[in-house]
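Secondary and tertiary structure notes
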Amino acid sequence: QVQLVESGGGLVQPGGSLRLSCVGSGFTFGIYAMSWYRQAPGKERELVASITPSGSSANYADSVKGRFTISRDNAKKTVYLQMSSLKPEDTAVYYCKRNSGVWGQGTQVTVSS
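Presented here is a report on the structure given in the accompanying data block. (Residues numbered from 1 in each chain as written. Predicted model: local features only at pLDDT ≥ 70, side-chain atom pairs only at ≥ 80, totals over all residues. Heavy atoms only, no water.)

Observations concerning the nonpolar core
- If you look at the biggest cluster of nonpolar residues, it comprises 26 residues, and the most contacted ones within it are Trp36, Val48, Phe68, Val79, Leu81, Met83 and Tyr94.
- Going through the elements one at a time, β3 (18-25), β4 (34-39), β5 (46-51), β7 (68-73), β8 (78-83), β9 (92-98) and β10 (107-111) are the ones with two or more residues in this core. (Core = buried A, V, L, I, M, F, W, Y, C linked by side-chain atoms within 4.5 Å. Buried < 20%, exposed > 50% of the residue type's maximum accessible area, 1.4 Å probe, protein only. Helix = DSSP H or I, 4+ residues; strand = E, 2+ residues; numbered from the N terminus.)

Here we look at the pattern of salt bridges
- Under the counting rule described, the total for this entry stands at four salt bridges.
- In this structure, Asp62 engages Lys65 in a salt bridge whose closest nitrogen and oxygen atoms are separated by 3.4 Å.
- Of the charged contacts, one joins Asp90 and Arg67 as a salt bridge, the two residues approaching to 2.8 Å between their closest N and O atoms. Taken together, the residues Asp90 in the loop between β8 and β9 and Arg67 in the loop between β6 (58-60) and β7 connect sequence positions 23 residues apart. Summarising the burial analysis for this pair, Asp90 and Arg67 share the class buried.
- Each of Arg38, Glu46, Arg67 and Asp90 takes part in salt bridges that share partners, so that together they form one network. (Salt bridge = Lys/Arg side-chain N within 4 Å of Asp/Glu carboxyl O.)

Quick notes on the pairing of β4
- Most of β4 sits out of view: five of its six residues are buried.
- Note that β4 and β5 share five bridges and pair antiparallel. Note that in β5 the partner of Trp36 across the bridge is Ala49.
- As consecutive antiparallel partners, β4 and β5 are separated by six residues, and within that stretch Gly42 has a phi angle of approximately 80°, a positive value.
- Relative to β9, β4 runs antiparallel, the two being bridged by six bridges. Residue pairing across strands places Met34 opposite Arg98, the latter belonging to β9. (Pairing = 2+ DSSP bridges.)

This is the structure we're talking about:
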């Protein structure tokens, strides 16, 4: 079964940090680019970050650049999103996505004091 499972979400205060993980299974993880998206209530899903199959290059939305870092460990079939200096506007459900269109279920991140 091809699937992506996110974890690591939760409640954090503004300025805090979280690390999200997404574990893939049922496919050859290391040949796919991976991305993180997020969707807040009432808003459209937006691309947050993406990373090449080898992890050699990454792209970020302007809103998270300098605060978030995407990385991957292909031996563990996992892609990470390290989030620092979190803001209330980062509150959303975060999803990982395989390049060809496979989505995870999502994990909730809430930034609130």
